[in-house]
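# What the coordinates show
Read off the chains here:
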Amino acid sequence: MLNNQGRPTVAEKTDSPVGSIETFTGNRGLQIEEPLLFEVGSLDNCGVDLAEMPKHKNRLGVMARDSDIGLAGLSEPETMRHYVRLSQKNYSIDTGFYPLGSCTMKHNPRLNEKMARLPGFGNIHPLQPQKTVQGAFELMGDLSHWLMRLTGTNAVALSPKAGAHGELCGMMAIKAAHKAAGSKRNIVLVPDSAHGTNPATAALIGYKVRSIPASDDGSVSVESVLEVLDDDVAALMLTNPNTGGVFEKDIKKIADAIHKAGAYFYCDGANLNALMGRARPGDFGIDAMHINLHKTFSTPHGGGGPGAGPVVFSDALAPYAPLPYLRRDGDSWHMVETREGIEDDSHVPFGRMVAFHGQMGMFVRALTYMMSHGSDGLRQACTDAVLNANYLRASLQDIMSLPFGERKCMHEVLFDDSFLKGTDVTTLDFAKAIIDEGFHPMTIYFPLVVQGAMLMEPTETESREALDQFIGTVRNLVSRAKAGDVDYFKNAPVLAPRRRMDETKAARKPVLRWSEGMEG
Amino acid sequence: MRYLPLTDEDRKVMLAKIGVDSADELFSDIPDGMHLDSPPDLPMKATEMAVDQALSRMAAKNVDAGSVPFFVGCGAYRHHVPATVDHLIQRSEFLTAYTPYQPEIAQGTLQVLFEFQTQVAMLLGMDVANASMYDGSTGCTEAVLMAQRVKRGKKRAVLSGGLHPQYRDVVQNQANFGDTDLVTMPPAPDGNEDILAQLDDKTSCVVVQYPDFYGHVRDYSKLAEQVQAKGALLVIVVTEIISLGALKSPGDMGADIVVAEGQSIGNGLNFGGPYVGLFATRQKFVRQMPGRLCGLSDDADGKRGFVLTLSTREQHIRREKATSNICTNSGLCTLAFSIHMSLLGEKGLRELSGLNHALASNLADKLEALDGIELLNETFFNEFTIRVKEKKAVDVVDALVDKGVIAGVPVSRLLPGEQDLDDLIVIAVTELNSEQDMDALPKALGEIVNA
């Protein structure tokens, strides 16, 4: 059952224990209040010097601009200070432990950044002649090779821009394959534990979503799939390991059942970090799976993107993979960009997902990461990620609550809020208290299959010392909650740049931009 | 391996705590026969030096845009990005943060998004903008879907022949899978088409590009009125955002939804991605808008702060009823855009736009003066289309590469099979083109067309 428990969105007005200290500026030591750009900049200020405009014939016609835009400008030193101060209000993986379940917040190596900025990769245009970008195609070819070898598949589409876009790509290939076979199937099976993007993606291309309830241990059983499987089902979308951090034991049987029924198996690859180098999704019988390069392969999350979501395909779906795609012609590479450019009749791409060829900047970073680790290093990274998650589980299970019993997990561990029962402390309160301790909280209220979910994914790039400090902190907070110190949790955070934000106010009368005389 | 902090001793202690003898046991849920006994058949780990050398060799096989006279545009433009921008986006706290789901410790990202939304709304001349899309082409698709939500039940969408062909293909692809009755106008290299004739009472939107794919700058004010009078929305697409420093905004013309590619400000060419889609609309349509939104609020002490808002539109809450399946946006690219935009300000953007136009206009003069070359545009910003009479554009561009000039995009690369388009080249000029570049192209092109 999906629970309907939402997270509280109104910040209760409470006294701040440290609020009594008032400074003239409002600043607190290294925490500096920073006004909006539009409150400090001006129309005349500028941080860029440009060459003189040469004499020319004006060809803008009647549309030449005749009024101000209103943009605020800053000199270079003011710009530097504005953004550095803002940056200091953010938590980041470089600052500390970031155990966000389902997000794979691992270390982002800086060699990746350096390689992406080589002029030969960073300063080439997607439409310059193909003979001038053979090295870029070679890189894309190598990346494809790594992705296919790691997943046990023979085809990959690189162009999707992010995970959800990859899901869309995979599901489009599935729909195209059904259409080619003359099938009008219109149902997609999605477990309750799935990421919200799965049902949203299915709906976007006209499928109806039929949900599969989770069994008592949080996983999807072959029986529960068979119960909802019929001739109308086009595909199953399943995450493995699932969002509770558990490997779907029945996966091969489920894949066989899905195929026997004439449907396809879409696997959400968000959790590939738990498998990389140790098992290949191709061996489970998947037909399509996106790979979040920004999770498993360490390209930075950047405060919410950009991502990249290449999709690997089974042989059955490979002919439908989208444009553009790479072809090897003897010693050189060719990018097939249009249907007219297709030479092999067996390839019937369903269409095009994006202008140009995809997230090249992310491809360079991901390949740099893979080459650095090597096959052996990726396997070790996967092993350490699972080891770290189980270490958290083993160190916390006696005082927190595991919804599905004391069993092994993969790369992340899911707790529910039953250990907080009777304390008046909610999952949200607990997370906010973790902020005051200098950590980023775990993922909360997801997945929806348990009450007050707390999903922790440590990744392989945390040391034992970092994990021990977090474990000690959580144990201390649990004791504190059980001892009845409710106010401490309700007040939290008090040491962050802001205290709890009023999300209800923001949504009731949305203010989405600065304007002259704006309140606040 | 240098990125892995656990030592063998750590692993031993941790396995003991977990109560298993080996790490392999942790993977015992994976069914027999699906375990890999050894790492997959791929190269083994490599030093930082070795990886750097291997990738640098690969990069060196490409001709980078800074190394030759370079005039390629069509939706991606080579502009100067100030050093400050690249430094700031590599600040750890921006680069390695996640989506700001815990606003108390993400005010940096959130305030940037609020400022970004403001800059975009101003630039596009609209009420509100979102916190970005993947890029212009996917944003264009989202605009068509949004128009259908606003105009419930109206399934027709009409795309101008002046729209970037790959944007058209992306929208067409979504339409093939979804519930849109899409009408695509034939390519319109001369900038003229009768798009109104395609409107019926089932039309939710008309999509035009400004300046259009061939560079023409058209006034869509009247079209906006006519489209709206027929009960549809006008979507205006901008692929060269710097043009709006010199041109009236889409909002000035009465657009209902504006989509733009923001790459030109703050973001490098990167061979096509990552880029940053800009998306703006009227206040009254905000709840139908896709993508993340950042809004103003207060904290428990009454201090001003920012949060992600109206998330009840989004997939993580609404699942199959969401306005879009989008989760990730272009976070770091929005930051780069916003920093560069702050450095430019009103004054810098207006100057930069003026400079782009002036250089392009002067190059057009030089090319137009060549025998065998026809300029198709009366109006343009920094990009225009030439006809190479009695030659194939692909051959001409190819021959120019051999003369060390990367000249522009043959229209037939994007629209193959259209015979009357195979002698057209779209040429873009930016502030990075030097005087030598401006001489090199006419000289080399003259030699080729008159050969």
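All values derive from a computational prediction rather than experimental measurement.

## Some details on the overall build of chain A
Secondary structure summary: chain A contains 15 helices and twelve strands in total. Its C-alpha atoms give chain A a radius of gyration of 26 Å, near enough to 24 Å, the size a compact globule of 520 residues would have. Overall, chain A is about 75 × 75 × 45 Å in size when its C-alpha atoms are taken along their principal axes. Evaluated residue by residue, chain A yields a buried proportion of 66% over its 520 residues. Sequence-distant contacts, at least 24 apart, represent 72% of the contacts inside chain A between residues at least 6 apart. Summed over all atoms, the accessible surface of chain A reaches about 17900 Å², with 49% contributed by carbon and sulfur.

## Some details on the interface of chain B and chain A
Across the contact, 201 residues belong to chain B and 223 residues belong to chain A. Between chain B and chain A the total buried area reaches about 18200 Å² when both faces are included, carbon and sulfur atoms providing 61% of it. Counting the contacts that link chain B with chain A gives 21 salt bridges. For Asp 298 of chain B, the salt bridge goes to Lys 505 of chain A, with nearest N and O atoms at 2.5 Å. Summed over the shared surface of chain B and chain A, the result is 105 residue pairs in polar contact (both at pLDDT 80 or more). With 28 residues, helix H10 (residues 331–368) of chain B is the largest single contributor of residues to the side of chain B that touches chain A. Residue composition of the side of chain B that touches chain A, by class: 99 nonpolar, 57 polar and 45 charged.

## Examining helix H11 (residues 360–396) of chain A
Residues and elements named next belong to chain A. Look at H11: only 41 Å from first C-alpha to last across 37 residues, short of the 54 Å you get at 1.5 Å a residue. Along its length, H11 reaches its greatest deviation from straightness, about 95 degrees, at Gly 374. The element H11 is extensively covered by neighbouring structure, given that 35 of its 37 residues are classed as buried.

## Regarding the domain arrangement of chain B
All names here are of chain B. For chain B, the assigned domains are domain 1 (83–340) and domain 2 (351–449). The C-alpha centroid of domain 2 is placed 29 Å from the C-alpha centroid of domain 1. Across the contact, 18 residues belong to domain 1 and 19 residues belong to domain 2. If you sort the residues of domain 1 by the area they bury against domain 2, Phe 213, Tyr 214 and Ile 242 come out on top, with a joint share of 32%. For the pair domain 1 and domain 2, the number of links is zero salt bridges. Here domain 1 and domain 2 share five residue pairs in polar contact (both at pLDDT 80 or more) between them. In terms of residue class, the side of domain 1 that touches domain 2 is built from ten nonpolar, six polar and two charged.

## With respect to unusual backbone geometry
Of the consecutive residues Asn 240 of chain A and Pro 241 of chain A, the connecting peptide bond is found in the cis state with omega at -10 degrees. Within the secondary structure, Pro 241 of chain A sits in the loop between strand S4 (233–239) and helix H9 (251–260). Residue Leu 323 of chain A is joined to Pro 324 of chain A through a cis peptide bond whose omega torsion reads -5 degrees. With respect to the helices and strands, the residue Pro 324 of chain A is situated in the loop between strand S7 (311–313) and strand S8 (325–329). Residues other than glycine seldom take positive phi values, yet Asn 270 of chain B does so here, at roughly 45 degrees. In this structure, Leu 310 of chain B is a non-glycine residue whose phi angle is positive, near 50 degrees. For Leu 310 of chain B, the position within the fold is in the loop between strand S9 (304–308) and helix H9 (315–318). You can call Leu 310 of chain B buried: its relative accessible area is 3%.

## Considerations on the packing of helix H5 (residues 107–124) of chain B against H10 of chain B
Residues and elements named next belong to chain B. With their axes 10 Å apart at the nearest point, H5 and H10 run at an angle of 50 degrees to one another. On the basis of the axis angle, H5 is oblique to H10. Two packed elements cross with a definite hand, and for H5 against H10 that hand is left-handed. Contacts between H5 and H10 involve Val 112, Leu 113, Glu 115, Phe 116, Gln 119, Val 120 and Leu 123 on the former and, on the latter, Thr 334, Leu 335, Phe 337, Ser 338, Met 341, Ser 342 and Leu 349. Taken together, the residues of the contact of H5 with H10 sort by class into nine nonpolar, four polar and one charged.

Reading the values: the criteria
- Residues numbered from 1 in each chain as written.
- Chains lettered and ligands numbered in written order.
- Predicted model: local features only at pLDDT ≥ 70, side-chain atom pairs only at ≥ 80, totals over all residues.
- Heavy atoms only, no water.
- Helix = DSSP H or I, 4+ residues; strand = E, 2+ residues; numbered from the N terminus.
- Rg over C-alpha atoms; globule rule 2.2 N^0.38 Å.
- Buried < 20%, exposed > 50% of the residue type's maximum accessible area, 1.4 Å probe, protein only.
- Contact = heavy atoms within 4.5 Å.
- Areas by Shrake-Rupley, 256 points an atom, 1.4 Å probe, with all protein chains shown as cover.
- Buried area = accessible area lost by both parts, 1.4 Å probe.
- Salt bridge = Lys/Arg side-chain N within 4 Å of Asp/Glu carboxyl O.
- Polar contact = N/O pair within 3.5 Å; in protein donor to acceptor, adjacent residues only side chain to side chain.
- Nonpolar A, V, L, I, M, F, W, Y, C, P; charged D, E, K, R; others polar.
- Expected span 1.5 Å × (residues − 1).
- Bend = angle between axes of the 7 residues up to and from the residue.
- Domains from an automatic or database assignment.
- Axes fitted to C-alpha atoms, helices over the stretch in contact; angles between N-to-C directions.
- Parallel < 35°, antiparallel > 145°, perpendicular 65-115°, else oblique.
- Left-handed = near helix turned anticlockwise from the far one by under 90°.

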